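Structural characterization, general
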Amino acid sequence: MIPRYARPDMVAVWSPETKFKIWYEIEAHACDAQAKLGVIPQENADAVWKAKDVEFDVARIDEIEAVTKHDVIAFLTHLAEHVGSEEARFVHQGMTSSDVLDTCLNVQLVRAADILLADLDKVLAALKKRAFEHKDTLRVGRSHGIHAEPTTMGLTFARFYAEMDRNKARLQQAREEIATGAISGAVGTFANIDPAVEEHICEQLGLTPEPISTQVIPRDRHAMFFAVLGVIASSIENIAVEIRHMQRTEVLEGAEFFSMGQKGSSAMPHKKNPVLTENLTGLARLVRMTVIPAMENVALWHERDISHSSVERGIGPDATVTLDFALNRLAGVVDKMLIFPENMLDNMNKFPGLVMSQRVLLSLTQAGVSREDAYTMVQRNALKVWEERVDFQEQLLADADVVAALGVDGINEKFDMGYHTKHVDTIFARVFKD
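Residues numbered from 1 in each chain as written. Predicted model: local features only at pLDDT ≥ 70, side-chain atom pairs only at ≥ 80, totals over all residues. Heavy atoms only, no water.

Looking now at the overall build of the protein chain. Secondary structure assignment for the protein chain yields 19 helices and 6 strands. Radius of gyration (C-alpha) of the protein chain: 30 Å, far over the 22 Å computed for a compact globule of 434 residues. On the principal axes, the C-alpha backbone points of the protein chain span a range of 100 × 50 × 40 Å. Looking at the protein chain as a whole, 49% of its 434 residues qualify as buried. Sequence separation of at least 24 residues holds for 76% of the intrachain contacts in the protein chain that already meet a minimum separation of 6. Of the roughly 20,900 Å² of accessible surface on the protein chain, 54% is carried by carbon and sulfur atoms. One finds the centroid of the 46 positive side-chain charges in the protein chain at a distance of 6 Å from the centroid of its 63 negative side-chain charges. (Helix = DSSP H or I, 4+ residues; strand = E, 2+ residues; numbered from the N terminus. Rg over C-alpha atoms; globule rule 2.2 N^0.38 Å. Buried < 20%, exposed > 50% of the residue type's maximum accessible area, 1.4 Å probe, protein only. Contact = heavy atoms within 4.5 Å. Areas by Shrake-Rupley, 256 points an atom, 1.4 Å probe, with all protein chains shown as cover. Lys, Arg positive; Asp, Glu negative; His and termini not counted. Charge placed at Lys NZ, Arg CZ, Asp CG, Glu CD.)

Let's shift gears to the pairing of strand β2 (residues 146-152). Pairing between strand β1 (residues 138-143) and β2: 5 bridges, direction antiparallel. Bridged to serine 143 within β2 is isoleucine 146. If you look at the hairpin formed by β1 and β2, you'll find 2 residues sitting between the two strands, and histidine 144 has a positive phi there, around 60°. (Pairing = 2+ DSSP bridges.)

With respect to the helices and strands, serine 363 occurs in helix α14 (residues 357-366). On a C-alpha basis, the gap between serine 363 and glycine 410 in space is 8.7 Å, while along the polypeptide they are 47 residues apart. Look past the residues within four positions of serine 363 in its chain and what remains in contact with it is Leu406 and Lys414.

Attention now goes to the packing of aromatic side chains. What the rule picks out here adds up to 14 aromatic pairs. With a centroid separation of 5.5 Å and an interplanar angle of 50°, the aromatic rings of tyrosine 24 and phenylalanine 56 are classed as tilted. You can see tyrosine 24 sitting in helix α2 (residues 16-36) and its partner phenylalanine 56 sitting in the loop between α3 (42-48) and α4 (58-68), a full 32 residues away along the chain. When sorted by exposure, tyrosine 24 lands in the same class as phenylalanine 56, which is buried. A network of ring pairs unites the aromatic residues Phe20, Trp23, Tyr24, Trp49, Phe56 and Phe75 as a single cluster. For arginine 359, the ring lying beneath its charged end belongs to tyrosine 419, and the centroid distance is 3.9 Å. Here the basic side chain of lysine 422 rests over the ring of tyrosine 419, its NZ or CZ set 3.7 Å away from the ring centre. (Phe/Tyr/Trp six-rings, centres within 6.5 Å; stacked < 30°, edge-to-face > 60°. Lys NZ or Arg CZ within 6 Å of the ring centre and 35° of its normal.)

What follows concerns the state of the cysteines. On inspection of all chains with the given rule, the structure shows 0 disulfides. With no disulfide of its own, cysteine 31 has cysteine 202 as its nearest cysteine by sulfur position, at a separation of 16 Å. Note on cysteine 104: no disulfide assigned, nearest cysteine sulfur contributed by cysteine 202 at a separation of 13 Å. Using a relative accessible area of 1% as the deciding quantity, one classes cysteine 104 as buried. (Disulfide = S-S within 2.5 Å.)

Bringing the pattern of salt bridges into the picture now. Scanning the model with the defined rule gives 22 salt bridges in all. One salt bridge in this structure joins aspartate 324 and arginine 7, with 3.4 Å as the shortest N-O distance. With aspartate 324 in helix α12 (residues 309-336) and arginine 7 in the segment before α1 (8-13), this pair connects stretches of sequence that are 317 residues apart. Overall, the relative accessible area of 30% leaves arginine 7 in the partly exposed class. (Salt bridge = Lys/Arg side-chain N within 4 Å of Asp/Glu carboxyl O.)

We now examine the packing of helix α6 (residues 97-133) against α12. Think of two packed helices as two axes; the pair is described by the angle between the axes and how far apart they sit. Where α6 meets α12, the axes come as close as 8 Å, and the angle between the chain directions of the two elements is 15°. The orientation of α6 relative to α12 falls into the category roughly parallel. Two packed elements cross with a definite hand, and for α6 against α12 that hand is left-handed. Residues Leu105, Ala112, Ile115, Leu116, Asp119, Leu120, Lys122, Val123, Ala126, Leu127, Lys129 and Arg130 of α6 touch α12, and the partners they reach there are Glu312, Thr320, Leu323, Asp324, Leu327, Asn328, Leu330, Ala331, Val334, Asp335 and Lys336. Class assignment of the residues belonging to the contact of α6 with α12 gives a composition of 13 nonpolar, 2 polar and 8 charged. (Axes fitted to C-alpha atoms, helices over the stretch in contact; angles between N-to-C directions. Parallel < 35°, antiparallel > 145°, perpendicular 65-115°, else oblique. Left-handed = near helix turned anticlockwise from the far one by under 90°. Nonpolar A, V, L, I, M, F, W, Y, C, P; charged D, E, K, R; others polar.)

This part covers the packing of helix α10 (residues 275-288) against α12. Relative to each other, α10 and α12 sit at 155°, their axes nearing to 10 Å. What the angle tells us is that α10 and α12 run roughly antiparallel. Note on packing geometry: the crossing formed by α10 with α12 is left-handed. In contact with Leu276, Thr277, Asn279, Leu280, Leu283, Leu286 and Val287 of α10, α12 contributes Ala319, Thr322, Leu323, Phe325, Ala326, Arg329, Leu330 and Val333. Its residues placed into classes, the contact of α10 with α12 shows 11 nonpolar, 3 polar and 1 charged.

What follows is the structure in structure tokens.
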């Protein structure tokens, strides 16, 4: 985690203090369940809760781990220092370290998902606001980076809204899939611990029991979770790249907000660079970087190994902290983004009327001209617009073959911009259902 790209709420999810607090809750709830089953004395279970308000000493746990070379044992030793050795002797009864580690990790991933879902709501709100604001703002659509046909700026924002809405549904599903806990003991057979203990702990922590664990929770769940984070990151980049393109000097249809006192370049005072969206492109790469290791973690030896452990210590915080920052940055960029409708029209008219070529082509075929001949007639006039910057409509009106097929009024009628925006309301109704 890099502090520059970190927000405090998500960082707190992954702090050692949070981790040890969750470990403690798992152990304490386990003691309650064991006492209820009559496996351990009730007074010992009650004694563990004496530490409920303790702020566990991370430095002390690290000191113990330096000797034990085992993080869970170090924590349990420190817990006994607070509870008392005799009172704590039934803590971790029948459990294995992975019961604590895996269940804790999934609690953290669920909490991270909740923060990310709230972040997505901010992005969706910003995209929706800008979509309706510019629903009818004409803009040229491009394919291969080349002018294609008219669209609207609102449809651009609506497209991104729909994409992020799908991502929200994906993350909700991934959250549900990761929200499992396993307190099943060595190799997952429950030989030394009753399944009721697992059920109780999961209920207390807002998880569901893992249907079948080995000594770990199956890592296909985690692979799916991080894959979804990677898709969300790619969608962030998709929006960022579009904004970066719009801010190019030659295009300038939209731009990041440039704040008072902001400097664009150390050398060139005139510069206004799309630094936020360029940053988002880079952050997206960092999030996606965690996806392949998460997938490689699925294949563990037999009932467990720990080849996944070191990976998850890194990718868990890194992916969620980075994505949290990126989503919040994106929401701000979209919300404050500058839009230049006049430049959009100027760009569309750089090659006057050319974006209407398909409509003329279709009209010629409907007027009885073969598609091959119609294409030739339209293209020969369109190429003159490309090469000489003449007006496409005027070229068609000067083409005897086109006039013979469509007539003067028929040609002029094909240059109504409303033709391309007549279904915007229909598209909006499909995207924005509330």
